[in-house]
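# Coordinate inspection notes
Now for the letters of each chain:
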Amino acid sequence: MPDGTGAQFVRLAGLKRYFDVSAPWLVRTIERRPRQIVQAVDGIDIEIAKGETFSLVGESGCGKSTVARLVVGLYPPTAGTIEFDGNDMAARHSRSDMAALRRRMQMIFQDPYASLNPRWRVFDIIAEPIRAFGLSKDKADLQKRVEDLLRQVKLMPADGRKFPHEFSGGQRQRVSIARALASQPEFLVCDEPTSALDVSVQAQILNLMVDLQRRFGLTYLFISHNLAVVYHISTRVGVMYLGRLVEVAPTETLFTRPKHPYTRMLLDTIPDLDMTGRQRSPVAGEVPSPINPPSGCTFHPRCPFANDRCKAERPMPISIEGGTVACHAIEEGRLPVEERTYVANS
Amino acid sequence: MAPSDKISTNNPPLLEVKNLRVEFPTRRGTLLAVDDVSFDIAPGEVLGVVGESGAGKSLTGNAIIGLLEPPGRIAGGEIRLEGRRIDNLPYEEMRKIRGARIGAIFQDPLTSLNPLYSVGRQLVETIQTHLPLSAAAARTRALDLLKEVGIPGAESRIDHYPHQFSGGMRQRVVIALALCAGPRLIVADEPTTALDVSIQAQIIALLKRLCREHGTAVMLVTHDMGVIAETADRVAVMYAGRIAEIGPVRDVVKHAKHPYTKGLMGSIPSLGVRTERLTQIDGAMPRLTEIPTGCAFNPRCTERGQRCMVERPDLMVAGTSRAACWLHDRGGVGAPVLKETVDA
């Protein structure tokens, strides 16, 4: 997958995360039940270049948020490696080295109501990373930094005295962004940052994120289920299904020349605002449980192009048109690439 | 009330809402959450109601089905279903209408189903409440309904409990429940918001098909313009408790007349053009306690004039739609366009 763009900034290799959701030992023994393991993330490889926005899309339960949490270290991986700017995050680092690495990556969460401490004033919320990493010389410097951050996210310096409940959802998400920026990170993991917001506020936050990226040269890992938002903000897009990456491609390619049948299905589900009369093809079936994922290609029960090989053998990613796709039908040439055009919404 | 309404006299509207006001008395004064809202729905028609959170769209829906949560109350106006006033009915009377004449679908299918009863029992109970059927006949009807909403293996699934269904399947059960007594109107409040995109398309297709087949009218309350564009015949855009614009869905989506609708449509990322920045409406919808005088949208409006600051616009004819904006006032002088940037 390295495409000659130079050193990769963030590299995930063979990343896996399983969760044990078994009943307690005694219950299992008495009722002779087996262990139950959720394969939330089942071996994914992603490389993110500096300054780009890499998006992960997929339906709920596909493991995209787990990837986000793995990347920032909120979960330890079951297997696989996470490299950040050439440093293996799992390797032994001294406390100060680790803090230095952690400072360079931050996360923005989905729910701005749950991710801000309701008992802290906004000033303290934003000042916490600065204090924690010891980035300010003195009180006056801290004050100045927090005020600058508030201005950068288009809030007033005076807003620092307020509590989170005094803000609307969009303003709270601005506070989350200011907090994430406080430690001057280079890499931001954004887990559905606009899903809880109304569309007009979503536009404000997306514009703000684009502005900040340009100003500070930030790299984003953007998690979303909204394909239109992803189309708008990303450089490259990875499509996840049941813990695996089924397709990775540059944004334009993914949307105009989708390869994997699941990607095509997802694109079909985007509501048609242009009133072209295009019918959303309602796909049959739902995402199966990640406890007992289907054999072979996990998408085969819903895939109109599945054959016996798809049921038995797990497809490996193959390189195609600047991206990768994991699909037997594409590999065998059974499934021609589809061209799609979109009418601009005037 | 306006001559532009297409509904003619030989086809009386199924639902008429006139000057509806919903208010919430609080310690610090009475909040007007729905302010002078009027619209009607023809038989078999799908009316979409969109707006951002707090615009009053769900409250309007709840007022119609008589499920306003106290202390919220209808403070004025009237609601007529098939010509009969339903907003002032006693609770027990309204109970008979709700379910039988008006069905309701809510956002979260898990909370609208009783977790302790099997779905079959819930369906049978609802059917027997509204229709004079024996237990066996009600069960047959329940089974037919489950088949109709596309639940595979309905014969065995009928005795399952809500937690044994996935989100999409649960929402199908809720739709079956709403259809039990063959209502004339369904009030669907964010029916697809809690669902995944691929399931969303299934549910929308189902709702559309059922309404076509049964001739049921739908009031579809959602914040998702995409869902409206695909499903609705007409759409009402709400802002700060009032209707900002109402008209045929194609015209509202493609040729919005109200500056708020224009901004709203522009802020939806669309496929096709990758613009650097999305159109954004600065600021946020005012809280109910601080609704500005004049047009409620004026602090955020890019085309506001002097008149917008003092006088509140009512719905005016604007092309094929009606918009509550002085820009479309043909009687007087149009609002003088004042270009100024509005700070949040």
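Look up a bit, the structure's there.
Throughout, residues of each chain are indexed from 1 in the direction in which the sequence is written. By the order in which they are written, chains take letters starting at A while ligands take numbers starting at 1. Given that the model is predicted, a residue must reach a pLDDT of at least 70 before its local features are reported, and side-chain atom pairs must reach 80 or more before they are shown or counted; all residues, however, enter totals for whole chains, interfaces and linings.

## Structural notes on the overall build of chain A
Scanning chain A from terminus to terminus reveals twelve helices and twelve strands. Note that the radius of gyration is over C-alpha atoms, with the globule rule given as 2.2 Å times the number of residues to the power 0.38. Scaling as 2.2 N^0.38, a compact globule of 346 residues should have a C-alpha radius of gyration of about 20 Å, and chain A matches this with 22 Å. Its C-alpha atoms give chain A principal-axis dimensions of roughly 70 × 60 × 40 Å. Residues counted as buried form 44% of the 346 residues belonging to chain A. Look at the contacts in chain A between residues 6 or more apart in sequence, and 67% of them connect residues 24 or more apart. In DSSP terms, a helix is any run of H or I states spanning at least four residues, a strand is any run of E spanning at least two, and both are numbered starting from the N terminus. Here the C-beta atoms are placed from the backbone, and a residue counts as buried if at least 20 other C-beta atoms lie within 10 Å of its own, exposed if 12 or fewer do, and partly exposed otherwise. Residue pairs are scored as contacts if the distance between their C-beta atoms, which are placed from the backbone, is within 7 Å.

## A few points about the overall build of chain B
Each helix and strand in chain B was counted, giving eleven helices and twelve strands. For the C-alpha atoms alone, the extent of chain B along its principal axes is close to 70 × 50 × 45 Å. Within chain B, the fraction of its 344 residues that count as buried is 48%.

## Examining the sheet that holds strand 8 (residues 217–222) of chain B
Paired through their backbone hydrogen bonds, the strands of a sheet run either parallel or antiparallel. Residue and element names in this part refer to chain B. Across the sheet, which stays open at both edges, the eight strands sit in the order 6-7-8-3-9-10-12-11 with mixed pairing between neighbours. Sheet topology places strand 6 (102–105) and strand 11 (316–318) at the edges, where each strand pairs with a single neighbour. Pairwise comparison of adjacent strand axes, ignoring direction, gives a mean angle of 20 degrees for this sheet. Strands pair, by our definition, only if DSSP identifies at least two bridges between them. By the bridge criterion, six bridges tie strand 9 (residues 234–239) to strand 10 (residues 242–248) in an arrangement that is antiparallel. Bridge pairing in strand 10 places Arg-234 opposite Pro-248. Across the sheet, helix 1 (residues 57–64) is in contact with strand 3 (46–50), strand 7 (185–189), strand 8 and strand 9; its angle to strand 8 comes to roughly 145 degrees. Note on method: axes are straight lines fitted to C-alpha atoms, helices fitted across the in-contact stretch only, with angles between N-to-C directions ranging 0 to 180 degrees.

## Regarding the pairing of strand 4 (residues 73–81) of chain B
All names here are of chain B. Across seven bridges, the pairing between strand 1 (residues 15–26) and strand 4 is antiparallel. Residue pairing for strand 4: Val-17 is matched across the bridge by Ile-79. Pairing analysis gives two bridges linking strand 4 to strand 5 (residues 84–85), with the strands arranged antiparallel. Its bridge partner lying in strand 5, Leu-81 is registered against Arg-84. From the end of strand 4 to the start of strand 5, which pair antiparallel, there are two residues, and Glu-82 there has a positive phi angle of about 50 degrees.

## Re the nonpolar core
Leu185(B), Met219(B), Leu220(B), Val237(B), Tyr239(B) and Ile243(B) are the most contacted members of the largest nonpolar core, which totals 191 residues. Those residues within four positions of Tyr239(B) in sequence are excluded, and the remaining contacts are Gly51(B), Ala55(B), Ala244(B), Tyr260(B), Met285(B), Ala296(B) and Phe297(B). We define the nonpolar core as any set of buried residues of the types Ala, Val, Leu, Ile, Met, Phe, Trp, Tyr and Cys, connected via C-beta atoms lying within 7 Å of each other.

## What to know about the sheet that holds strand 4 (residues 79–84) of chain A
Residue and element names in this part refer to chain A. Judged by pairing direction, the sheet is antiparallel, and its four strands sit side by side in the order 2-1-4-5 without closing on themselves. Sheet topology places strand 2 (37–48) and strand 5 (87–88) at the edges, where each strand pairs with a single neighbour. Bridge count between strand 1 (residues 10–20) and strand 4: five bridges; the pairing is antiparallel. Paired with Ala-13 across the bridge in strand 4 is Thr-81.

## Points about the pairing of strand 6 (residues 105–108) of chain A
Residues and elements named next belong to chain A. Along strand 6, one buried face is formed by Met-105 and Met-107 and the opposite face, lined by Gln-106 and Ile-108, is buried too. Pairing analysis gives four bridges linking strand 6 to strand 7 (residues 187–191), with the strands arranged parallel. Among the inter-strand pairings, Ile-108 is bridged to a residue of strand 7, identified as Cys-190.

## Re the interface of chain A and chain B
With 37 residues of chain A at the interface, the matching set in chain B holds 38 residues. When contributions to the side of chain A that touches chain B are tallied by element, the ones reaching two or more residues are helix 7 (199–216), helix 8 (227–233) and helix 10 (261–268) of chain A. When residues in the side of chain A that touches chain B are grouped by element, the largest group, nine residues, is from helix 7 of chain A.

## Structural notes on the packing of helix 4 (residues 122–132) of chain A against helix 5 (residues 139–152) of chain A
Residue and element names in this part refer to chain A. Their axes nearest at 10 Å, the elements helix 4 and helix 5 cross at an angle of 115 degrees. In terms of orientation, helix 4 lies roughly perpendicular with respect to helix 5. Viewed along their axes, helix 4 and helix 5 form a crossing whose handedness is right-handed. Across the interface between the two elements, Phe-123, Ile-126, Ala-127 and Ile-130 from helix 4 touch Leu-142, Arg-145, Val-146 and Leu-149 from helix 5. Of the residues that constitute the contact of helix 4 with helix 5, the class distribution is seven nonpolar, no polar and one charged. Each angle receives one of four descriptions, namely roughly parallel if under 35 degrees, roughly antiparallel if over 145, roughly perpendicular if within 65 to 115, and oblique otherwise. With the far helix as reference, a near helix turned anticlockwise by less than a right angle produces a left-handed crossing, and one turned clockwise produces a right-handed crossing. Amino acid classes used here: Ala, Val, Leu, Ile, Met, Phe, Trp, Tyr, Cys and Pro are nonpolar; Asp, Glu, Lys and Arg are charged; the rest, including Gly, are polar.

The values are spatial; any link to function lies outside them.
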